[in-house]
Amino acid sequence: MQDAKRITLSGQGIVLRGNDIDTDRIIPARYLRTVVFDGLGEHTFEDDRAQLKQSGQVHSFDDPKFKGAEILLVNRNFGCGSSREHAPQAIKRWGNGIKAIVGESFAEIFFGNCVSLGIPCVVLDAASMERLMATIESEPKSKIKVDIQTKNLEVGGSSFPIVIGDGVRQQFLEGRWDTTAELLANKEAILATAKKLPYFNSWS
Amino acid sequence: MGRTLYDKVFEAHTVARLPSGQYQLLMGLHLIHEVTSPQAFSMLEELGLSVLFPERTFATVDHIIPTASQLRPFRDTLAEQMLVALEGNVSRHKIRYFAPERGEQGIVHVIGPENGLTQPGMTICCGDSHTATHGAFGAIAFGIGTSQVRDVLATQTLSMGRLKVRRIEINGQLRAGITAKDVTLYVINRLGVNGGVGYAYEYAGDTIERMSMDERMTICNMAIEGGARCGYINPDQTTYDYLKGRTYAPANDKWDRAVEYWNSVRSDPDAAYADTVKFRAEDIEPMVTWGITPGQSAPVTGQVPAIADFQVDEQESVKEAYQYMAVKPGAPIAGQKINVAFIGSCTNGRLSDFESVVSVLKDKSYKVAPHVQALVVPGSMKVKDEMLSRGWDKVFTAAGFEFREAGCSMCLAMNPDKLTGNQVSASSSNRNFKGRQGSPTGRTLLMSPIMVAAAAIAGEVTDARQLFGIV
Ligand code: SF4
């Protein structure tokens, strides 16, 4: 599966400042009343966007200068709150589709959900993040390249080292982030483990 | 060196080490609900796979169900569609479903324990972050995303990293009027909403040991709000007394074998922890949040903290919280006007939560303030039936509360129960994020059920101990 590999991800950036941005803000709960993920994209950050608009400001996701962006730049603890996958699913479907997220840190469940959607969340230290955000804010058309292979992020002439766990990195490089098949390959071991657990065997 | 419960349960359920370095972990119990499962079933069916252990998956409907009337079809066609999808999936895949029409429905984290499905030593997952609740029984229980729901349906396993274990010890006597909710809010306040990232929290100490199962569930429920993936409490006699006789609990000769096994998964006395944090029960006061994260809280006797009380990197979100909540640093916590009061949710929607309120309301003529809408929403139909048989619905309605059908209700407002405009809600739920209770500008103050009741009656945040004369 060639297209499952995530080796380099490039595109324009979009800067979304703020710590602890939770999944309720990424996709308001009223949009969870659905049995499919299609159509979530346009509602990404809907309430935050509306609120800023009211106060005469522009949310990054409405800002024309970030139109067409594919690399999302965030701060600390992005995606905290609920375990719902609707949040990364919405981000994935916004505009041209977000392909990678670069941030200071990510909430654990959100990070895992992104992995299973093939969206790498890579980490940059706070100072570099600030520099990167400032760069993209002043030159939004700059192309960002997230290189999973070399663990580097390049933009303009600068390069930043990114942090990504070895295991996840391998998964992306080899295109093995879609876990079902990999888990199912161990079916015998699954059944054997179940056999050892007394409660799986009516306490016999 | 001994092992923790987390170590033992994790190791017993490890199927394999995956090439990614993650562990493949077998799931003992998989709970599903209407919001995060339909897409998982679609993905499963697209792959042409079936459910590997249908007898280990249990379903309910909770998030979208209306609490005014549960007559079908629901007026909200989207909600109706979601329930129809769930019904189709459970019947196609032969999954036990706790249906409203059979009087079995409830919030997923209430019905698991209530039916004896949740047991010590298990791994438990659900497409819902408050799955941490089940850790109260000495299970390793955590929330998962929809792709993982698909994986568990297909393989009964998940790919997971191993967590560190932090022991949180709380010792001493809680003062009168202090509840498990105050304890859990206090811990999050002290350790921060990100303090638990990468950790499982083991709650211990004599304060915790004296708690009932309902109280322990309130504690573990909010482990996730402190950043921990899961929280747990070692099983003991209290756990076993609660479980005995429940529908899905082991019975007869199986019971003794089960208890023996459950005792064996307890953390060893010399277990190694990544770290240990200790708190004194005497220091805990009724806690109320003033901001937009569950960690932004203060004692009801205190004030909204000043910006200088926070680390530099937190100050931006604190300013955002002041602005969104329209509170000023230094303002007293007590006295903030409320519009809505909500008692319910998987944090505080169990029988003993309502009992704590009924015991102060009974035989008194307290009335909900005229400008306040107060909702009492049982966590499950069983809880509701029990309340009816004890006549508690009348105690609540006489005091001016609306007594509703079971569900998640205003905890996240996916059903018709919602805040409007910039209303302020005193809520016994677990999240005060912006817009959480249904209005994009609505404001939530988290607190214990008796503190919510006190706020409903006073029309503003007030110390329940004074209002109800709790000494
Ligand atoms: S009560 Fe609230 S937190 Fe609990 S499962 Fe329902 S929506 Fe989630």
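This one's a predicted model, so the numbers in the text were calculated from it and none came from an experiment. (Residues numbered from 1 in each chain as written. Chains lettered and ligands numbered in written order. Predicted model: local features only at pLDDT ≥ 70, side-chain atom pairs only at ≥ 80, totals over all residues. Heavy atoms only, no water.)

Colleague: How would you summarise the interface of chain A and chain B if you had to cite specific residues and measurements?
Modeller: Between chain A and chain B, the contact holds 51 residues from the first and 72 residues from the second. Carbon and sulfur atoms supply 59% of the area that chain A and chain B bury against each other, a total of about 5,200 Å² over both sides. In this assembly, chain A and chain B are joined by 5 salt bridges. Scanning the region where chain A abuts chain B turns up 24 residue pairs in polar contact (both at pLDDT 80 or more). Residues that form the side of chain A that touches chain B fall into these classes: 19 nonpolar, 18 polar and 14 charged. (Contact = heavy atoms within 4.5 Å. Buried area = accessible area lost by both parts, 1.4 Å probe. Salt bridge = Lys/Arg side-chain N within 4 Å of Asp/Glu carboxyl O. Polar contact = N/O pair within 3.5 Å; in protein donor to acceptor, adjacent residues only side chain to side chain. Nonpolar A, V, L, I, M, F, W, Y, C, P; charged D, E, K, R; others polar.)

Colleague: How would you explain the site of the ligand if you had to name every residue and give the values?
Modeller: Residues and elements named next belong to chain B. Close contacts around the ligand come from His63, Ile107, His109, Asp128, His130, Ser345, Cys346, Cys408, Cys411, Leu412, Asn430 and Arg436, and that covers them all. Of all the cavities here, the one that holds the ligand is the second largest cavity. Broken down by class, the residue content of the shell around the ligand amounts to 5 nonpolar, 5 polar and 2 charged. Each of domain 1 (5–160) and domain 3 (287–467) contributes no fewer than three residues to the shell around the ligand. (Near = heavy atom within 4 Å. 1 Å grid on protein atoms, 1.4 Å probe; cavity = no way out; pocket = protein on both sides within 12 Å on 5 of 7 lines; lining within 4 Å. Sits in = over half its atoms within 2 Å of the grid points. Domains from an automatic or database assignment.)

Colleague: Describe the sheet that holds strand 7 (residues 140–143) of chain B, and please don't skip the residues or the numbers.
Modeller: All names here are of chain B. Here 5 strands make up an open sheet; going across it, the order is 5-4-3-6-7 and the pairing parallel. Two strands in the sheet have a free side with no partner beyond their single neighbour: strand 5 (96–98) and strand 7. The average angle at which neighbouring strand axes cross in this sheet is 20 degrees, direction not considered. Strand direction decides the pairing type here: strand 4 (residues 57–60) and strand 5, joined by 3 bridges, are parallel. Along strand 5, the bridge assignment pairs Phe58 with Arg96. (Pairing = 2+ DSSP bridges. Helix = DSSP H or I, 4+ residues; strand = E, 2+ residues; numbered from the N terminus. Axes fitted to C-alpha atoms, helices over the stretch in contact; angles between N-to-C directions.)

Colleague: I'd love a proper account of unusual backbone geometry, names of residues and values included.
Modeller: For the bond from Arg72 of chain B to Pro73 of chain B, the omega torsion is -15 degrees, close enough to zero to count as cis. Within the chain, Lys151 of chain A stands out as a residue other than glycine whose phi angle is a positive 55 degrees. If you check the backbone angles, Ala413 of chain B has positive phi at about 55 degrees while not being a glycine. For Ala413 of chain B, a relative accessible area of 3% gives the class buried. (Buried < 20%, exposed > 50% of the residue type's maximum accessible area, 1.4 Å probe, protein only.)

Colleague: Account for the state of the cysteines, naming residues and giving values.
Modeller: On inspection of all chains with the given rule, the structure shows 0 disulfides over all chains. Note on Cys114 of chain A: no disulfide assigned, nearest cysteine sulfur contributed by Cys121 of chain A at a separation of 3.7 Å. (Disulfide = S-S within 2.5 Å.)

Colleague: Before we move on, could you go through the domain arrangement of chain B and cite the residues and values that matter?
Modeller: All names here are of chain B. Partitioning chain B into domains gives domain 1 (5–160), domain 2 (164–234 + 263–283) and domain 3 (287–467). The straight-line distance from the C-alpha centre of domain 2 to that of domain 3 is 22 Å. Contacts between the two partners involve 18 residues from domain 2 and, on the opposite side, 24 residues from domain 3. Between domain 2 and domain 3, the buried area comes to about 1,600 Å², and carbon and sulfur atoms account for 55% of it. If you sort the residues of domain 2 by the area they bury against domain 3, Lys181, Leu185 and Glu225 come out on top, with a joint share of 31%.

Colleague: Please give an account of the packing of aromatic side chains that cites residues and values.
Modeller: Across all of its chains, the model carries 22 aromatic pairs over all chains by this definition. Ring centres of Tyr199 of chain A and Phe200 of chain A lie 5.1 Å apart, and the angle between their planes is 50 degrees; on these two criteria the pair is classed as tilted. For the pair Tyr199 of chain A and Phe200 of chain A, a shared accessibility class is recorded, and that class is buried. An angle of 85 degrees between the planes, with centres 5.5 Å apart, marks the rings of Trp255 of chain B and Trp262 of chain B as edge-to-face. Among the aromatic side chains, those forming a connected cluster through ring pairs are Trp203 of chain A together with Tyr240, Trp255, Tyr261 and Trp262 of chain B. (Phe/Tyr/Trp six-rings, centres within 6.5 Å; stacked < 30°, edge-to-face > 60°.)

Colleague: Describe the nonpolar core, listing the residues and the values that go with them.
Modeller: One finds Phe78, Ile101 and Phe110 of chain A together with Phe401 of chain B to be the most contacted residues of the largest nonpolar core, which totals 219 residues. For this core, the element with the highest residue contribution is helix 16 (residues 449–458) of chain B, accounting for 8 residues. If near-sequence neighbours (up to four positions away) are discounted, Phe110 of chain A is found in contact with Thr23, Ile26, Phe78, Gly79, Ala87, Pro88, Ile91, Ile101 and Cys121 of chain A. The next biggest cluster of nonpolar side chains, apart from the first, holds 7 residues, and it includes Phe342, Leu375, Val377 and Met410 of chain B. (Core = buried A, V, L, I, M, F, W, Y, C linked by side-chain atoms within 4.5 Å.)

Colleague: Break down the sheet that holds strand 9 (residues 164–171) of chain B for me, citing the residues and quoting the values.
Modeller: All names here are of chain B. The parallel open sheet is built from 4 strands, whose spatial order is 11-10-9-12. Across the chains shown, the open sheet's two edge strands, defined by having one partner strand only, are strand 11 (230–232) and strand 12 (275–280). Adjacent strand axes in the sheet meet at a mean angle of 20 degrees, parallel and antiparallel pairs treated alike. Across 3 bridges, the pairing between strand 10 (residues 199–204) and strand 11 is parallel. Bridging across to strand 11, Ala200 finds its partner in Cys230.

Colleague: Could you give me a rundown of empty space enclosed by the protein, with the residues and numbers involved?
Modeller: Rolled over the atoms, a probe with the dimensions of a water molecule shows which regions are left empty. Inspection of the entire model under this criterion finds 2 cavities of 30 Å³ or more. The space that makes up the largest cavity amounts to roughly 320 Å³. Every residue lining the largest cavity is counted, 29 residues in all, and those nearest its centre are Asn77, Cys80, Gly81 and Ala107 of chain A together with Val193 of chain B. Secondary-structure elements contributing two or more residues to the lining of the largest cavity are helix 4 (108–116) of chain A together with helix 11 (315–325) of chain B. Top contributing element to the lining of the largest cavity by residue count: helix 4 of chain A, with 3 residues. Looking at side-chain class alone, the lining of the largest cavity contains 11 nonpolar, 9 polar and 9 charged residues. Taken as a whole, the second largest cavity holds about 220 Å³ of empty space. Here the residues of the lining of the second largest cavity are counted per class, giving 7 nonpolar, 11 polar and 4 charged. (Points joined across faces, edges and corners; volume = space filled by probe spheres on them.)

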